[in-house]
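# Notes for the structure review
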Amino acid sequence: MNSGNTWRVLGLGLAVLGLSAGLAACGGGGDAGAGSASPASGASAQGASPSVSGTPATTVAANNRYSFNPTASAPASGTPLAFSVQNKPAWAAFAADSGQLSGTPSSSDTGVYPNIVISASSSAGSAALPAFSIQVLAANTPATSSSSSSSGGASSSSSSSSSGASSSSGSSSSGAPGASLSAQTATLLNYLTGLAGQNQHILSGQHSSYWDSNPMDYTSTLKSQTGTQPAILGTTLGMAGSQQNGVALSNQWLAAGGIVELSLWPNDPSTGADDNNRNFTFSDVYTPGTALNSAWNSYLDTIASQLKAINGPVLFRPFVELNGNWSWWGAQPTAQFIALYQYTYDYLMHTKGVNNALWIYNVNAGVGNYTAYYPGSSYVDIVSWDSYPPSSSDAAWYNPLAALGKPMILAESGVISASQPPAYAGNNNTLLQTVKTNFPKVVGVVIWCQNWALSQQQGDEAFMSDPAVITLADLPANL
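Residues numbered from 1 in each chain as written. Predicted model: local features only at pLDDT ≥ 70, side-chain atom pairs only at ≥ 80, totals over all residues. Heavy atoms only, no water.

## Things to note about the pairing of strand β15 (residues 202-207)
So the rule is basically this: Summary of the burial criterion: residues with accessible area below 20% of their type's maximum are buried, those above 50% are exposed, and those between are partly exposed, where the area comes from a 1.4 Å probe applied to protein chains only. Each helix is a run of H or I in the DSSP string that is no shorter than four residues. Each strand is a run of E no shorter than two, and both are numbered from the N terminus. By definition, two strands form a pair when at least two bridges between them are found by DSSP.
The buried fraction of β15 amounts to 6 of the 6 residues, a majority that puts the element mostly inside the structure. Neither face of β15 is exposed, since Ile202, Ser204 and Gln206 on one face and Leu203, Gly205 and His207 on the opposite face are all buried. As paired elements, β15 and strand β23 (residues 469-470) share 2 bridges and run parallel to each other. Paired with Ile202 across the two strands is Val469, which belongs to β23. Relative to strand β22 (residues 442-447), β15 is paired through 4 bridges, and the arrangement is parallel. Residue pairing in the sheet places Gly205 in a bridge with Val446 of β22. In terms of strand pairing, β15 meets strand β16 (residues 232-238) through 3 bridges, oriented parallel. Bridge assignment links Gly205 to a residue of β16, and that residue is Ile232.

## A few points about the pairing of strand β18 (residues 314-317)
As a reminder, the rule being used: Orienting the strands away from the viewer, one traces the path from the first strand over the helix to the second; a clockwise path indicates a right-handed crossover.
Side chains of β18 alternate between two faces, with Val314 and Phe316 and Leu315 and Arg317 buried alike. Direction of pairing for β18 relative to strand β19 (residues 357-364): parallel, over a ladder of 3 bridges. Opposite Val314, over in β19, you have Ala357 as the bridge partner. As for the winding sense of the linkage, the β-α-β connection from β18 through helix α5 (residues 334-351) to β19 is right-handed.

## Some thoughts on the pattern of salt bridges
Operational definition: Whenever a carboxyl oxygen of Asp or Glu lies within 4 Å of a side-chain nitrogen of Lys or Arg, that contact is scored as a salt bridge.
Counted according to the given criterion, the structure contains 5 salt bridges. The residue Arg317 makes a salt bridge to Glu261 at a minimum N-O spacing of 3.6 Å. Of this pair, Arg317 sits in strand β18 while Glu261 sits in strand β17 (residues 259-264), placing them 56 residues apart in sequence. A single burial state applies to Arg317 and to Glu261, both of which are buried. In this structure, Asp301 engages Lys352 in a salt bridge whose closest nitrogen and oxygen atoms are separated by 3.4 Å. Within this pair, whereas Asp301 is found in helix α4 (residues 291-308), its partner Lys352 is found in the loop between α5 and β19, the two being separated by 51 residues in sequence. Residue class for Asp301 comes out partly exposed when judged on its relative accessible area of 27%. Among the residues examined, Lys352 registers a relative accessible area of 26% and is labelled partly exposed.

## Considerations on unusual backbone geometry
Geometrically, the link from Tyr388 to Pro389 is a cis peptide bond, its omega value of -15° lying close to zero. Within the secondary structure, Pro389 is located in the loop between β20 (382-387) and α6 (395-402). Even without a glycine there, the phi angle at Ala331 is positive, about 55°. Within the element layout of this structure, Ala331 appears in the loop between β18 and α5. Owing to a relative accessible area of 32%, Ala331 belongs among the partly exposed residues under this scheme. In this model, Gln450 sits at a positive phi of 55°, which is unusual for a non-glycine residue. By the element assignment, Gln450 lies in the loop between β22 and α8 (460-465). What makes Gln450 buried here is its relative accessible area of 9%.

Shown next as structure tokens:
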């Protein structure tokens, strides 16, 4: 829900909170698998402009040499070509006569270098490779998904994503360079991927009490009212006004055999707060060497430590309602947000070695740009939207999200779109039937807390006992 709906009222007398809420062709690249260029705006439609192609390696270990040579041709024999590069890593050199990007990063250069663009131009026009990123891994870390040296004709990029993960290998369904999931996390992803199309296919979920002294109030009340508990517990590693211990709650729920949805309303690196401040250069957050990047890395170090302290897999929702304009990260220029998302993924999963997070791409209903910010299949495990309440009109965002081919959930939902609706004024079973009728690929519905909670509205027993719904007791023991 957006900040125009001031329904997140703090349970301990805090003030009403404002709500925190694909790879675009124009930039932000990290999916470096595309090998041929599209002409730049000055190129001739008749093919008179140069052509440039090649698949750059996207990882290199520190103290190892990186080299990439694009393949380029002029529109006419003997026409000279000039090469240029944007966002060249400081550790690399660039040859303007050949387009070669090369260098040997040191241990101090570890990190992600995004939005690198190599172009070739002649008097007839110009062409550019798609933007790509280079991840400098720690020394002695194998660059498993791509070679650290490639030519324009070599295919050295990571493999494309598949919809499932191999639980035997524990490798991620996301083909991002060096990414790896624990075997248990890969098993959970396989389970989610296989739910769509089954009769019993909707995981029941309930967000915890983010601002109450007892964050498990709504799940315990639901159990007393229905004798059942939800399969998914929503918790957080960061939200304005909340003192919730997301690590402890996650471990508690995992120990009970449940699934955790871990949402993150990340702090603004320029202020250190969860806010909607826009008085900074957004691209500096993911640009190595800037003060904002250092602050962001320090913040992510804390998040990585918390994720590693969780004893099992989590459904990780890091940029809540990213298409809305009510948080500092939301509704930013598409290429820049994609670069931030990819940088954050790479930093946590590669640099910090997190292996228990399934990444959720999350948008808000009715806002638009539902897939414009999609960072690529290599960076997303689950797609989701938030809707209060869902209706048949949600097909406008359900359909483009479903086309991405990922497991899909309603990450936040409730029966009434209002600020703190009255208790028992709506029916959550009606919400469930709307999802079943209109959105067959949805495999989870996580109801918001406070008066939206399952226990605080009508229909909780019918919701939890519906034959399509999976409760905590229904979950497989091996998750």
